[in-house]
Amino acid sequence: MTGALRHTFSSMGTVVTLEVVGHDDSPDARDAAVVRAAAWFTEIQRSCSRFDPDSELSRLTARAGEAVPVSDVLFEAIAFAVAVAAASDGAFDPTVGHRMERLGFDRDFRTGVPMRHDAPPDPGATWRDVLVDASNRTVTLHRPLVLDLGAVAKGLAIDLAARELAPFGDFVVDAGGDLYCGGHNAAGAPWSVGIRHPRDPDRMLRTLAVSDCAVCTSGDYERRSPRDPAVHHLLDPRTGDAVSTLASVTVLAPLAMPADALATAAFVLGAEAGPSFLESQGVEGLLVTTDLEQVMTPGFPRD
Amino acid sequence: MTPAKTNLVALGSAAVLTVYGAGYVRTRAAADRFAGDDGTRHPAEAAVVHLADSSAALTPEIRVDSALPETSHPSLVAPVARPQGSKPTSKDTTPTIPLPASKGSDTSPAAVPITVLSDSSAAPHVVVTTAPAPTASTTLQGTQTASATDSASGGQAQRPLYRDGTYSGWGTSRHGDIQATVQIQDGRIISATITQCLTRYSCSRIAALPPQVVSRQSADVDYVSGATQSANAFYYAVVEALAKAK
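Residues numbered from 1 in each chain as written. Chains lettered and ligands numbered in written order. Predicted model: local features only at pLDDT ≥ 70, side-chain atom pairs only at ≥ 80, totals over all residues. Heavy atoms only, no water.

**Some thoughts on the sheet that holds strand E4 (residues 165-173) of chain B**
Residues and elements named next belong to chain B. Across the sheet, which stays open at both edges, the 3 strands sit in the order E4-E5-E6 with antiparallel pairing between neighbours. Unpaired on one side and paired on the other, E4 and strand E6 (188-197) mark the two borders of the sheet. If you compare each strand with its neighbour and ignore which way they point, the axes differ by 25 degrees on average. Bridging between E4 and strand E5 (residues 176-185) involves 9 bridges; their strand directions are antiparallel. Looking at the pairing, Gly169 lines up with Ala180 of E5. The strands that helix H4 (residues 228-244) touches are E4, E5 and E6; relative to E4, the one it contacts most, it runs at about 145 degrees. (Pairing = 2+ DSSP bridges. Helix = DSSP H or I, 4+ residues; strand = E, 2+ residues; numbered from the N terminus. Axes fitted to C-alpha atoms, helices over the stretch in contact; angles between N-to-C directions. Contact = heavy atoms within 4.5 Å.)

So this is what it looks like as structure tokens:
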């Protein structure tokens, strides 16, 4: 018996779809894998949510100055975020959170409950104030600061879910448009992935055929500040201002966590420095300027 | 800008493996708990339903669409599984398939195999589904007869009763939000309506669903081909409304 399984749920502020193409007679094994894959999203959110005051991340943020032992999930997410910050010279910076809060991204956009901090974040804090101790598995925040693990956490959840589904070969993990495509679709062809036009929600800029690949997009159209609709959520951590030269960046990579973080870094780096940064990391990218000019890394699929 | 010295894809791969290895046991235990449920849908759990194939095999298009509406309504972890029929493909099934980044032992990321369609126009986005077998026999729209069939069907009439009253809930989708309102009387759902339809597509497409809430005494409504998002949003809205009635 053949059948495909699609499972949709809400997590990490978005709609997640897991789809597995069935080829064999083990629907139970497939169902169990899908349930485990979905459970990873819950696990990651519980550790890494900036908006949940009971999340492990929120509890870490309340203990500035201490070496806090953290779970593997939180440790690896923070360590990776710091590594991307170092590699991008701060263009990507997980401590951008407090600047985001001042621009109005300060509440859980599902419940409207605002965040509160016991110690006000230090406006001069950067990623260099986050110390990651690999041997003790601790994180020390040298100053009061706000960590935003949004890009990293979602990518991590996608990669973990993909790992659960990998034995089935043909599957998709789609978390609100950031996705990993394994194998081929039900017709035996590579998965067809459309890149949304940054200014026209009804149009696709391009359509790619991908297999065993993560596709992650950062766009200025995704979220806007509730205080000022002209301000979107992608800030240049070095200035605190919303990036205004690019409309979207799409990265293709073997894994979603780096694809997600690198798309954000490249967005800040802009059309000039973005492509070479992506190239140096061995991933492919498409950068769309606000004038709708498309810049690609040399290996990005062209028509 | 100084060239990046760290290979972030390789680093990411190691991180994913570490987390997977450490957390697998706990996640698996949680999943096994969910998998052993009695078939009743629980909004907060990942219940998965496997349904019969449909006849057509269509290429699903996955859109990289990040423009999801941000609402202030509480989001629901209300998973719904709907399979699609597919033709079997001749593909070697290997027992385990490693993550692409772990292929090979060098630190450079694996080459990304990508082919490009010559025609960049979007393939039609069509979802073909079959309706789930109702767990209660379908009764007439809006009627509340305690028939023998109802009480014999899968224990639906014996499920925990709801508190009487009128309750509303919101469901969200990438096409907009839907508010559903249910009325509970004598512990049973006597009506379900779409009280606000904020989706860009008309809710007439899912007009068949509200009566199913009453006939099935639950949120387990069908999918609607071509209106998957709206059907989902309605489902989530009913789940939220019923949660308030518990």
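**Structural notes on the packing of aromatic side chains**
Under the defined criterion, the tally for this structure stands at 4 aromatic pairs over all chains. Relative to Phe41(A), the ring of Phe9(A) lies with its centre 5.7 Å away and its plane at 75 degrees, an arrangement referred to as edge-to-face. Linking Phe9(A) in strand E1 (residues 5-11) with Phe41(A) in helix H1 (residues 27-48), this pair joins segments that are 32 residues apart in sequence. Looking at Arg163(A), its charged tip hangs above the ring of Tyr20(B), at a distance of 5.2 Å from the centre. (Phe/Tyr/Trp six-rings, centres within 6.5 Å; stacked < 30°, edge-to-face > 60°. Lys NZ or Arg CZ within 6 Å of the ring centre and 35° of its normal.)

**Re the nonpolar core**
Leu18(A), Phe41(A), Leu60(A), Ile78(A), Leu149(A), Leu165(A) and Val173(A) are the most contacted members of the largest nonpolar core, which totals 83 residues. Of all the elements, helix H6 (residues 256-280) of chain A adds the most residues to this core, at 13 residues. When near neighbours in sequence (up to four residues on either side) are disregarded, Phe41(A) contacts Phe9(A), Ser11(A), Met12(A), Val16(A), Leu18(A), Ala157(A), Ile158(A), Ala161(A), Val173(A) and Ala175(A). In terms of nonpolar packing, the next biggest core, distinct from the first, is built from 28 residues, Val182(B), Cys203(B), Leu209(B) and Val239(B) among them. (Core = buried A, V, L, I, M, F, W, Y, C linked by side-chain atoms within 4.5 Å. Buried < 20%, exposed > 50% of the residue type's maximum accessible area, 1.4 Å probe, protein only.)

**What to know about unusual backbone geometry**
Residue and element names in this part refer to chain A. Its identity as a non-glycine residue notwithstanding, Arg137 has a phi of 55 degrees, on the positive side. Along the chain, the position of Arg137 falls in the loop between strand E4 (130-133) and strand E5 (138-141). Even without glycine at this site, Leu292 takes up a positive phi of about 65 degrees. When you line up the elements, Leu292 lands in the loop between strand E12 (284-289) and strand E13 (294-296). Relative accessible area serves as the criterion here: at 37%, Leu292 is assigned to the partly exposed category.

**Side note on the confidence of the model for chain B**
All names here are of chain B. Within chain B, residue pLDDT values average 58, and 41% of them lie at 70 or more. pLDDT under 50 marks residues 33-157. Its contacts with residues more than four places away, or in other chains, come to 268 contacts. Model confidence for the complex is summarised by a pTM of 0.61, with the ipTM given as 0.89. (pLDDT = per-residue confidence, 0-100.)

**Let's talk about the pairing of strand E11 (residues 246-253) of chain A**
Residue and element names in this part refer to chain A. The element E11 is largely enclosed, with a buried count of 8 among its 8 residues. As defined by bridge partners, strand E10 (residues 213-219) adjoins E11 across 6 bridges and the pair is classed as antiparallel. Its bridge partner being in E11, Val215 is matched across the sheet by Leu252. Of the pairings in the sheet, the one linking E11 to E12 comprises 6 bridges and is antiparallel in character. Within E12, the position partnered with Leu252 by the bridge is Glu284.

**Notes on the sheet that holds strand E3 (residues 67-69) of chain A**
Residue and element names in this part refer to chain A. On the basis of which strands lie adjacent, the open sheet formed by 3 strands has the order E3-E5-E4 and antiparallel pairing. Taken across any chain shown, the strands that pair with only one partner, and hence form the sheet edges, are E3 and E4. Taking each pair of neighbouring strands and ignoring which way they run, the sheet shows an average axis angle of 25 degrees. Across 3 bridges, the pairing between E3 and E5 is antiparallel.

**Observations regarding the pairing of E5(A)**
All names here are of chain A. Where burial is concerned, the two faces of E5 agree: the one with Thr138 and Thr140 and the one with Val139 and Leu141 are both buried. Alignment of E4 against E5, held across 4 bridges, turns out to be antiparallel. Note on E5: the bridge partner recorded for Val130 is Leu141. The turn linking E4 back onto E5 is made up of 4 residues, and Arg137 within it adopts a positive phi angle of 55 degrees.

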